[in-house]
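The chain contents come next:
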Amino acid sequence: MKDKENHKMPDHYDVLIVGGGMVGASLAVALKPLRLNIALVDAFQPKDTQHPAYDDRAIALSYGSSLIYQGMGLWDEIKADATAIQKIHVSDRGHFGATRLSAKKEKVDALGYLVESRLLGKQLYKELKRDDHIEHIIPARVELLKHHADYLEVSLDKEGDKQTLHCQLLVAADGTNSTIRTLSGIGVQRADYQQVGIIANVSTEKSHQNQAFERFTADGPIALLPMSNNRCSLIWTQPTEKADNILALDDKSFLEQLGKAFGYRLGRFTKVGKRSSFPFALVTADKNTAERVALIGNASHTLHPVAGQGLNLALRDVAVLADLLAKYTTTNTRQLLLDYEAKREADIKTTVRYTNSLVKLFSNDFFLLGHARAGGLLAVDRIKPLRNWLTRQSMGTQYRHERLSRGLPLSTTGQQ
Ligand SMILES: Cc1cc2nc3c(=O)[nH]c(=O)nc-3n(C[C@H](O)[C@H](O)[C@H](O)COP(=O)(O)OP(=O)(O)OC[C@H]3O[C@@H](n4cnc5c(N)ncnc54)[C@H](O)[C@@H]3O)c2cc1C
């Protein structure tokens, strides 16, 4: 039973998290030690096969993200379902030059880990079920917000039934088209890349040996990430106008086209699973807070998945927000939100810029630009500070101030 003794009103929560995707559910798990009164609202049941967050996509979790889950006490379970990335090989089709990052050189167990979003969701919800301070209000959609002097009123639609909740802090983890962001009057910058990502699990003749590949082609980047049973997770970026034709190919032709675009480092492609596609856009919120509201994850920043940074960046939102809640609880949401806005600014800006420049630089096939970027890859390989920067960005270890980011559990005494 949830302890509501300290709360004057029924349905009054310290923290209301809207969105139970990977980011909202991760925040709920992270907050467990604080014993706050929390509700998690989502429009879909976690096991729903139509759930937009827990689909077939495989996610590359950086080493930094593995530390955050370790701080939550969940890493061992997630790791059991994950495949370690020992090396990352970045190359440019048709141009000389490649850069290689390796776990051995960086003296870590792995540069990152690949985990299927469905399996990550399963672990997160298993962990949440163990906690009776977190109420699940699912399926339900948030429709309206109303500010009062010392709380926020939230109106929900629960499959036709209307319900009103109150909270001290509302966390918007409701994805790219965030309703909470709109209701809070926060604008967005949106840039359509005119690209579609074709997603599938594929098998190859040779073993991937825990290597991840990032291959830049004239049509856009191809990422091939190592999975269990010697499968690879493919994200094949295509201009929007070409994607439908590729999706419509039979398996044999699809595998042949993929081989031509990616090359034969792993031999021929031999098998492809279910294919799906996502349009790619960059969507960034003008700010990450409003009165009693904090934005996290895709509600704040939706990135091109080329560099596998979206969830990794979002988990750093989670680590910072959880740390601030440990410090202030919800007694001073004004200061908490000021600190959150300030602490997230640099990381979000840098990661957006890094991802965006990778997409832009490598999506052109002008001869000279090709040589410039091949030179860039060689430079990255040879110039130590540049390599270190790329490695830190891929590993997600450049921002390690919060306890969770250092792999430590949240402090319940507010200590750093
Ligand atoms: C193909 C692909 C590959 C990717 N690969 C990587 C990778 O390798 N590494 C990486 O770090 N990132 C990767 N990403 C990015 C990553 O998937 C996202 O950053 C992450 O899923 C964002 O999660 P989220 O919880 O913020 O949003 P979402 O997953 O969109 O979840 C939002 C949730 O909010 C709920 N919701 C929405 N509106 C309402 C409402 N009004 N009321 C109630 N509930 C609501 C939805 O039901 C949903 O569950 C990839 C993305 C794609 C598309």
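Right, let's walk through the structure included here. (Residues numbered from 1 in each chain as written. Predicted model: local features only at pLDDT ≥ 70, side-chain atom pairs only at ≥ 80, totals over all residues.)

### Looking at the overall build of the protein
Phase 1 of the analysis: From N to C terminus, the protein includes twelve helices and 20 strands.
Phase 2 of the analysis: Expressed as a percentage of its 416 residues, the buried residues of the protein come to 48%.
Phase 3 of the analysis: Taking as baseline every contact in the protein between residues at least 6 positions apart, the subset at least 24 positions apart corresponds to 74%. (Helix = DSSP H or I, 4+ residues; strand = E, 2+ residues; numbered from the N terminus. Buried ≥ 20, exposed ≤ 12 C-beta atoms within 10 Å, placed from the backbone. Contact = placed C-beta atoms within 7 Å.)

### Digging into the sheet that holds strand 7 (residues 112-116)
Phase 1 of the analysis: The antiparallel open sheet is built from three strands, whose spatial order is 3-7-4. Two strands in the sheet have a free side with no partner beyond their single neighbour: strand 3 (58-62) and strand 4 (83-85). Within the sheet, the average angular offset between the axes of one strand and its neighbour, ignoring direction, is 30 degrees.
Phase 2 of the analysis: Where strand 3 meets strand 7, five bridges bridge the pair, whose relative direction is antiparallel. Considered in strand 7, the bridge of Ala 60 is made with Leu 114.
Phase 3 of the analysis: Across the face of the sheet, helix 2 (residues 63-71) comes into contact with strand 3 and strand 7 while running at roughly 85 degrees to strand 3. (Pairing = 2+ DSSP bridges. Axes fitted to C-alpha atoms, helices over the stretch in contact; angles between N-to-C directions.)

### So, the environment of Lys 162
Phase 1 of the analysis: Here Lys 162 shows up in strand 11 (residues 161-172).
Phase 2 of the analysis: Apart from the residues lying within four places of it in its own chain, the contact partners of Lys 162 are Ser 155 and Asp 157.

### Focus on the nonpolar core
Phase 1 of the analysis: Counting 115 residues, the largest nonpolar core has Leu 16, Leu 27, Leu 170, Val 171, Ile 296, Val 318 and Ala 322 as its most contacted members.
Phase 2 of the analysis: Considering every element that reaches this core, the biggest residue donor is helix 9 (residues 310-328), with twelve residues.
Phase 3 of the analysis: Setting aside residues up to four positions removed in sequence, Leu 170 forms contacts with Leu 16, Val 18, Leu 152, Val 154, Ile 180, Arg 292 and Val 293. (Core = buried A, V, L, I, M, F, W, Y, C linked by C-beta atoms within 7 Å.)

### Details of the site of the ligand
Phase 1 of the analysis: Neighbouring residues of the ligand: 35 residues in total, closest Gly 19, Gly 21, Gly 175, Gly 297 and Gly 310.
Phase 2 of the analysis: Among the secondary structure elements, those contributing two or more residues to the shell around the ligand are helix 1 (22-30), strand 3, strand 9 (141-147), strand 12 (188-204) and helix 9.
Phase 3 of the analysis: Counting residues per element, the shell around the ligand draws most heavily on helix 9, which supplies four residues.
Phase 4 of the analysis: Counted by class, the shell around the ligand contains 18 nonpolar, 13 polar and four charged residues. (Near = placed C-beta within 6 Å. Nonpolar A, V, L, I, M, F, W, Y, C, P; charged D, E, K, R; others polar.)

### Quick look at the packing of helix 1 against helix 9
Phase 1 of the analysis: Running from N to C, helix 1 and helix 9 cross one another at 30 degrees; their axes reach a closest spacing of 10 Å. It follows from the interaxial angle that helix 1 and helix 9 lie roughly parallel. The interaxial crossing formed by helix 1 with helix 9 has right-handed handedness. Judged by residue contacts, Met 22, Val 23, Ser 26, Leu 27 and Ala 30 of helix 1 engage Leu 311, Ala 314, Leu 315, Val 318, Leu 321 and Ala 322 from helix 9.
Phase 2 of the analysis: Tallied by class, residues from the contact of helix 1 with helix 9 come to ten nonpolar, one polar and no charged. (Parallel < 35°, antiparallel > 145°, perpendicular 65-115°, else oblique. Left-handed = near helix turned anticlockwise from the far one by under 90°.)

### Remarks on helix 8 (residues 251-262)
Phase 1 of the analysis: Between its terminal C-alpha atoms helix 8 stretches 16 Å, which fits the 16 Å expected from twelve residues at 1.5 Å a residue.
Phase 2 of the analysis: The complete set of buried residues in helix 8 reads Phe 254, Leu 258 and Phe 262. Across the axial projection of helix 8, the buried residues extend over an arc of 50 degrees, all falling on one side. Residues of helix 8 that are exposed and point more than 90 degrees away from the buried face comprise Lys 252, Ser 253 and Lys 260.
Phase 3 of the analysis: Check the buried side of helix 8 and you find it contacts strand 13 (211-217), strand 14 (220-226), strand 15 (231-239), helix 7 (240-248) and strand 16 (269-272).
Phase 4 of the analysis: Once helix 8 ends, the next one or two residues include Gly 263, with phi positive near 95 degrees. (Expected span 1.5 Å × (residues − 1). Arc of directions from axis to C-beta.)

### Topic: the environment of Glu 256
Phase 1 of the analysis: By the secondary structure assignment, Glu 256 is in helix 8.
Phase 2 of the analysis: Residues Glu 256 and Thr 270, 14 residues apart in the sequence, show an inter-C-alpha distance of 9.1 Å.

### Side note on the pairing of strand 7
Side-chain direction in a regular strand flips from residue to residue, so the side chains alternate between the two faces of the sheet.
Phase 1 of the analysis: Buried residues dominate strand 7, accounting for five of its five residues.
Phase 2 of the analysis: Across the two faces of strand 7 the burial is the same, with Gly 112, Leu 114 and Glu 116 and Tyr 113 and Val 115 all buried.
Phase 3 of the analysis: Where strand 4 lies against strand 7, three bridges are found, and the strand directions are antiparallel. Within strand 7, the residue paired with Thr 83 across the bridge is Leu 114.

### Description of the environment of Ser 300
Phase 1 of the analysis: Within the fold, Ser 300 resides in the loop between strand 19 (293-295) and strand 20 (301-302).
Phase 2 of the analysis: Its 27 C-beta neighbours within 10 Å are what place Ser 300 among the buried residues.
Phase 3 of the analysis: In sequence terms Ser 300 and Thr 176 are 124 residues apart; their C-alpha atoms lie 7.6 Å from each other.
Phase 4 of the analysis: Excluding residues that lie within four positions of it along the chain, Ser 300 makes contacts with Ala 285, Asn 288, Leu 295, Asp 317 and Ile 348.

### As for unusual backbone geometry
Phase 1 of the analysis: Cis geometry marks the peptide bond from Ile 138 to Pro 139, where omega comes out at -5 degrees.
Phase 2 of the analysis: With respect to the element layout, Pro 139 can be found in the loop between strand 8 (134-137) and strand 9.
Phase 3 of the analysis: In the Ramachandran plot, Asn 229 falls in the positive-phi region, its phi being about 55 degrees despite a non-glycine side chain.
Phase 4 of the analysis: Relative to the elements of secondary structure, Asn 229 occurs in the loop between strand 14 and strand 15.
Phase 5 of the analysis: Residues other than glycine seldom take positive phi values, yet Arg 292 does so here, at roughly 60 degrees.
Phase 6 of the analysis: Mapped onto the secondary structure, Arg 292 falls in the loop between strand 18 (289-290) and strand 19.
Phase 7 of the analysis: Take Arg 292: there are 22 C-beta atoms within 10 Å of it, and that puts it in the buried class.

### So, the packing of helix 2 against helix 9
Phase 1 of the analysis: Between helix 2 and helix 9, the shortest axis-to-axis distance is 9 Å and the interhelical angle comes to 35 degrees. Crossing hand, helix 2 versus helix 9: left-handed. Contacts between helix 2 and helix 9 involve Gly 64, Ser 65 and Ile 68 from the former and Asn 312, Leu 315, Val 318 and Ala 319 from the latter.

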